[in-house]
Amino acid sequence: MRKVLVALFALALAFALAQRYFTEEELKRIETGGKAYAEVFVGQRPDQALCSIHRNRLPADLLPKFLEEQRALIKYPASGKLMGDWRKGGAIFNDLRKANCFSCHFGSPEHLGGDVGPSLEKYGLKRGQSEAVQRYTYEVIYNSWAYFPCTVMYRFGAQGLLTPEEIADVVAYLLDPESDFNTKPAVGSK
Ligand code: HEC
């Protein structure tokens, strides 16, 4: 009996919280997808719910707060260094089961890259290694939504897929002029 009550309470709470993000009309439409679908949908984190409601195009008046909240999620390596070991970063970038960056981005010397995201070919040679470029690259990888709200790119640090140190290794892979990424031709490069 207690279990049932707890489950009921949890469900009521989930719906009550969801009410803040979805109108009655929207909730009704969501429920037409079935019970399991509705539970997953209304159980979204608030930021994901916001993206869903606005079909990944946030209205301008919501952007400042959204960007600020996403920025606040970013954590940095304890060492303070945003460029780690490019060899380790390459192993992460090119592993389908790890970061899988190449599936969306062209530029890897090991795998033919995809075109879901922009080409990163010779990224470090084009952008340089300034503190601003290091920070931008680190932050985009840690939480892409801090720059591109609702983008499909995984939010590697914010979602706990990579540690800050691993992200710094990937930053080095992209930026270090000695890295294979910048010295070897990208697969498929013309
Ligand atoms: C699911 C696809 C996807 C994956 C996986 C992905 N990205 Fe992206 N990435 C994107 C898209 C799309 C953008 C462009 C943002 C936008 O406009 O929505 C982007 C943008 C970027 C940018 C900014 C590019 C610029 O020109 O300033 C960098 C850097 C980047 N990604 C690096 C990475 C790295 C490194 C990884 C792996 C750790 C990765 N991405 C994984 C889709 C992806």
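The name that an unreviewed UniProt entry assigns to the chain is Cytochrome c domain-containing protein, with the source organism given as Thermus thermophilus.

### Side note on the coordination of the iron atom of the ligand
Donor atoms from the polypeptide that bind the iron atom of the ligand are His105 (NE2) and Met153 (SD), placed at 1.9 to 2.3 Å. Bound by 6 donor atoms, the iron atom of the ligand shows angles of 85 to 179° at the metal and therefore octahedral coordination geometry. In this pair, histidine 105 is assigned in the loop between α6 (86-93) and α7 (123-127) and methionine 153 in the loop between α8 (131-142) and α9 (164-175), connecting sequence segments 48 residues apart. For histidine 105, a relative accessible area of 11% gives the class buried. By relative accessible area, which is 23% here, methionine 153 ends up partly exposed.

### Looking at the side chain of glutamine 134
Within the element layout of this structure, glutamine 134 appears in helix α8. With a relative accessible area of 17%, glutamine 134 lands in the buried category. A polar side-chain atom of glutamine 134 sits 3.0 Å from the main-chain carbonyl oxygen of glutamine 129. When residues no more than four places from it in sequence are discounted, the contact partners of glutamine 134 are Leu82, Met83, Gln129, Val171 and Leu175.

Thresholds, definitions, all that
- Residues numbered from 1 in each chain as written.
- Predicted model: local features only at pLDDT ≥ 70, side-chain atom pairs only at ≥ 80, totals over all residues.
- Heavy atoms only, no water.
- Donors = N, O, S within 2.8 Å, 3.2 Å for Na, K, Ca; no water.
- Tetrahedral: all angles 85-135°; square planar, octahedral: opposite > 155°, others 65-115°.
- Helix = DSSP H or I, 4+ residues; strand = E, 2+ residues; numbered from the N terminus.
- Buried < 20%, exposed > 50% of the residue type's maximum accessible area, 1.4 Å probe, protein only.
- Polar contact = N/O pair within 3.5 Å; in protein donor to acceptor, adjacent residues only side chain to side chain.
- Contact = heavy atoms within 4.5 Å.

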